[in-house]
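Chain by chain, the residues:
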Amino acid sequence: MQSSLKTIFIALFVIWPFVLQAETPSIEVRVDRDTLTTRETLNLSIVIKGGSALSTPDIPNRGNFDVVGQSTGNAIEIINGQMSVTKSFDYVLKPRGKGNFTIGPIKAHIEGTTYSSSPIKVTVLEDDQKPTYQPAIPPPIQGQRPTTQPPPPPGWSDHPSGVSPPSSQDRGLTFLTAQVDKNEAYVGEQILFTFRLYSGVSLANAQLSLPDFKEFISEELIKERKYQVDLEGKRYAVNEWRIALFSTKAGKLATGPSSVKASVSSIFSRRPPFNDPFYRGFPRTQRMVPKTFTAPSVTIEVKNLPPAPQGFLGLVGNFKISSHLTQDVLNLGDTTNLEVEVSGTGNINEANLPPLASTPFFKVYPGNPSLDLRKSLQGLSGKKKFTYALVADRPGETTIPSMNLYYFNPQLEKYEKLSTTQETVRIQGRRRQEKLVTAGIDEPGGMFAPPPRALDLRELKPPSDILFSQALAPWEALLWWILLLGSPVTYLGFGIWEKGKKRALAQADDKKRSKAFKRAKVALGQTLKVDGGGGFSQFTGVLKGYISDRFLIKGAALTPLEVERLLQSKRIPEEVVRRMVYLLEQLDSWKYGGMKNNLPPETELKTEITNLLREIEKAA
Amino acid sequence: MKKSILFILFCFLSFLPPVWAETTGEMALQAQKNYENKDYRQALLGWDSLRSLGIINGHLYYNVANAYWRLGEVGQALRYLLKAKRLDPRDSDIRANIFFIEEQLGEAPNKEDVLVTFKKIPWYKLSINFFQSLKATAILSALLFGLFLFSKIKGGKAPRKWIWPLVLLVTFTGIQLILRINETYFSNQAVVIKRAVPLLSVPSAQSPAREELKEGDLLNVRKKQGNYRLVKTGSGKEGWVQAEQIGSI
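Residues numbered from 1 in each chain as written. Chains lettered and ligands numbered in written order. Predicted model: local features only at pLDDT ≥ 70, side-chain atom pairs only at ≥ 80, totals over all residues. Heavy atoms only, no water.

**Describing the overall build of chain A**
- When helices and strands are counted, chain A shows 7 helices and 30 strands.
- Per-residue burial over chain A gives 38% buried out of 620 residues.
- Restricting to contacts in chain A with at least 6 residues of sequence separation, those with at least 24 account for 71%.
- When the accessible surface of chain A is split by element, carbon and sulfur atoms take 54% of a total near 35,800 Å². (Helix = DSSP H or I, 4+ residues; strand = E, 2+ residues; numbered from the N terminus. Buried < 20%, exposed > 50% of the residue type's maximum accessible area, 1.4 Å probe, protein only. Contact = heavy atoms within 4.5 Å. Areas by Shrake-Rupley, 256 points an atom, 1.4 Å probe, with all protein chains shown as cover.)

Put into structure tokens, the structure is as follows:
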């Protein structure tokens, strides 16, 4: 019990996503013609999409028509997690009389809800004298230009082109038709190629050879569709194939011939023997005869596309574009996905978008596009989804530019431009913590190490750190400048002053030195008489005064020996030094010794002193 | 009378500074709260108010730069960080943020050149700003020349053990001062603060653009003419830009 419950639970868990994503139900009804005669038949096609496989349509007003043929088909598709169930019901209806009739609305009850189609108006006319033959024209396809193939004239001798007339021995007809929905198209435009095998007799071992479509890209739309038609009162079984073609170049292009090899049943009777008119004949017998049925190539005039705008990448058809951004506010390092979907009818697999370049705010990583093709009787359509992973690289607000897609619309015969919407993204500065892995190269450490790779700015400074001013007020700056410049200026000023003083002193000394002799002579002229001690002192004073002035020393207390040394140091000649010393000694002895007998006369003494000073003057 | 007036004035002045200090503290706290609440514009207004009160502070500029970065205004963020670096050249947070922004802008701060090893030495740890270098040079200079003077007056030679260190220090701070003066008054650096600024041939809005400058580019302002500035880019090109598109450092 428990294990079965577990199984059910697991099954539900697996199936549930698909159930949740089932396609929304719908019902489509169409007819292949809306005007016919009483001898003709009408193909009614009902397609129910979505819902369970048991859904069946509820067709009212069937009293005006007889159902002469019917077929059904089922299809279940799961694409990108979406499940779609399609059930088709095809009826061949023969009118009971002439008049204007309404078929429908046809209803289908799907999962408790009633879905209804629009009613279809049909006109049935009185039958003509001449039998009309119309090949089974494919149901009208929305959005396409009407076929330009001229209707064939009525009569058995007129068959769809390329078909050989049936053998008169065959009770029914077997023939092939190959048609295109348009004989003129642009390069890349979708062309629907329909190939039908009509068979009024049984066929066996049928082998189909479809054209090779050398100059086209082909996509099979329906593998085989079976239904029945009435042509001139005869019922045919029809096998239909439909292929979408996209021409690759301009010019008159041919699809190529198609053929079917099959064994056709043939009934024949033997001749009576002996030519007996009363012989009623042997029973007739049936035999399978191998035959080949061929449909010739169809020629299509393919035109070149008009001059294309820049950015056109070869998309032809009718398309729409939509875009979606998964996230518009993210942190640094986060990823958001830009999804762009191109949908429509045409060569959707050729859809391509221009590259989306990385910006200072984003690094762009494009993904592989996904293609969802839809094949139907109306042609090839689908969606192509492009996904771009955008990694936020810088904080701030930025705009993802719109992307343009150009396509050629063959119905309007012009180029159309599709653009995605611009998306605004806000990137915040906080990056989630990431661990960086370096390349493994050893970097030098210590004071030469480069700064570590940062993921974000560093934190704010606290309020206490920002409340004081680092700048100086003007008066403060002025004081500092004064101090800075004042110090060397003061020092220099002092130096200049000192030098000046020295110079002045030196000048004074020079003056003193230069005037020493003159002063001595003046002093000599002013001396008193030799008698008395005063005269000798004066002469001594003159001599010592001269020495003091001349040599800038204090000479008043010099002894004769000191004078001798001084004069010798000044390189005064010995003779002059000896005479100076002798004179000083004599003057001292005369002054203190009292020996006045040998005193020379005053003038002689003065002359001697003057000569002596002159010689010292010369020698110094 | 005089005494009473003086007394009143004294009381007034005594109470004034604390009230002012309390207001700026509150403003700083509020600005920080706004930043933490991701209201960066309000935070900027708060810090701008502090600047208008005369507070010139490298850390304040640093906070302003952070707020500009959060707002995606890279040019302004870089500008304020460079201003902050001038005031706090040794601050490692400021340097780290400048390095971070330059990396984000795709600039390679560590270009290989001949002086790469020399440049790797963290000289910035010895850097001082303009005001610090002025004070330091003034003080050391006064000491040095005072010593010389003293020796001269005394009649002897100045002692070498004092003179040489002082000479070195004065030289060091003096060089820093000269560099800071050059940086502050003569370099005229500016940063592009708008995205995709055209570098014009002539100072006119109709002028063709020689080049497109990107936000965060460093420029040297050569001349002013009305609303235009003649600038020189890092690659050596000269041209005119509108004054409101650049911010001086």
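**Regarding helix 3 (residues 58-70) of chain B**
Residues and elements named next belong to chain B.
- When the terminal C-alpha atoms of helix 3 are compared, their 19 Å separation across 13 residues agrees well with the 18 Å that a helix rising 1.5 Å per residue should span.
- Extensive coverage of helix 3 is indicated by the burial of 13 of its 13 residues.
- Of the residues flanking the start of helix 3, the one acting as N-cap is Asn57, its side-chain oxygen 2.7 Å from the backbone nitrogen of His59.
- Positive backbone phi, approximately 85 degrees, marks Gly72, located one or two places after helix 3. (Expected span 1.5 Å × (residues − 1). Polar contact = N/O pair within 3.5 Å; in protein donor to acceptor, adjacent residues only side chain to side chain.)

**With respect to the interface of chain B and chain A**
- Facing 60 residues of chain B, the contacting portion of chain A comprises 43 residues.
- Surface buried jointly by chain B and chain A totals about 4,700 Å² across both partners, of which 65% is contributed by carbon and sulfur atoms.
- Taken together, chain B and chain A are joined by 5 salt bridges.
- Note that Arg458 of chain A and Asp93 of chain B form a salt bridge whose closest N and O atoms lie 2.8 Å from each other.
- Put simply, chain B and chain A have 16 residue pairs in polar contact (both at pLDDT 80 or more) between them.
- With 14 residues, the single largest contributor to the side of chain B that touches chain A is helix 7 (residues 130-154) of chain B.
- Here the residues of the side of chain B that touches chain A are counted per class, giving 32 nonpolar, 17 polar and 11 charged. (Buried area = accessible area lost by both parts, 1.4 Å probe. Salt bridge = Lys/Arg side-chain N within 4 Å of Asp/Glu carboxyl O. Nonpolar A, V, L, I, M, F, W, Y, C, P; charged D, E, K, R; others polar.)

**Brief notes about the packing of helix 2 (residues 474-514) of chain A against helix 7 of chain B**
- Contact geometry of helix 2 of chain A with helix 7 of chain B gives a least axis separation of 8 Å together with a crossing angle of 20 degrees. Relative to helix 7 of chain B, the element helix 2 of chain A lies roughly parallel. Crossing geometry of helix 2 of chain A relative to helix 7 of chain B is assigned as left-handed. (Axes fitted to C-alpha atoms, helices over the stretch in contact; angles between N-to-C directions. Parallel < 35°, antiparallel > 145°, perpendicular 65-115°, else oblique. Left-handed = near helix turned anticlockwise from the far one by under 90°.)

**Digging into the sheet that holds strand 9 (residues 113-116) of chain A**
All names here are of chain A.
- The strand order 4-8-9 describes an open sheet built from 3 strands, whose pairing is antiparallel. Across the chains shown, the open sheet's two edge strands, defined by having one partner strand only, are strand 4 (57-58) and strand 9.
- Bridging between strand 4 and strand 8 (residues 107-110) involves 2 bridges; their strand directions are antiparallel. Across the sheet, the residue bridging to Asp58 is Lys107, located in strand 8. (Pairing = 2+ DSSP bridges.)

**Comments concerning the confidence of the model for chain B**
- Chain-level statistics for chain B give a pLDDT mean of 85 and a share of 89% at 70 or above.
- Across the predicted assembly, pTM comes out at 0.43 and ipTM at 0.80. (pLDDT = per-residue confidence, 0-100.)

**Concerning the side chain of Thr610 of chain A**
Residues and elements named next belong to chain A.
- For Thr610, the position within the fold is in helix 7 (residues 602-619).
- Residue classification places Thr610 among the buried positions, given a relative accessible area of 15%.
- Dropping the residues within four chain positions of it, Thr610 is found in contact with Phe517 and Leu524.

**Quick look at the sheet that holds strand 17 (residues 251-254) of chain A**
All names here are of chain A.
- Within the open sheet, the 3 strands sit side by side as 12-20-17. Their pairing is mixed. Both outer strands of the open sheet, strand 12 (184-186) and strand 17, are each paired with one neighbouring strand and no more. Mean inter-strand twist for the sheet, computed between neighbouring axes without regard to direction, equals 35 degrees.
- Looking at chain direction, strand 12 and strand 20 (residues 299-303) are connected through 3 bridges and run parallel. Among the inter-strand pairings, Ala185 is bridged to a residue of strand 20, identified as Val302.

**Quick look at the pattern of salt bridges**
Residue and element names in this part refer to chain A.
- Across all of its chains, the model carries 35 salt bridges over all chains by this definition.
- Its salt-bridge partner being Lys182, residue Asp181 comes within 3.1 Å of it at the nearest N-O pair.
- Lys182 gets classed as buried once you look at its relative accessible area, which sits at 4%.
- Each of the salt bridges in this network shares a partner with another, and the network as a whole consists of Arg196, Arg225, Glu240 and Arg242.

**So, unusual backbone geometry**
- That bond from Gly104 of chain A to Pro105 of chain A is cis: its omega, 5 degrees, falls within 30 degrees of zero.
- Mapped onto the secondary structure, Pro105 of chain A falls in the loop between strand 7 (99-103) and strand 8.
- For Phe213 of chain A, which is not a glycine, the phi torsion comes out positive at approximately 50 degrees.
- Its place among the elements puts Phe213 of chain A in the loop between strand 14 (203-209) and strand 15 (216-231).
- A relative accessible area of 6% places Phe213 of chain A in the buried class.
- In this structure, Lys38 of chain B is a non-glycine residue whose phi angle is positive, near 65 degrees.
- Position of Lys38 of chain B among the secondary structure elements: in the loop between helix 1 (2-36) and helix 2 (40-52).
- Accessibility expressed as a relative area gives 43% for Lys38 of chain B, which makes it partly exposed.

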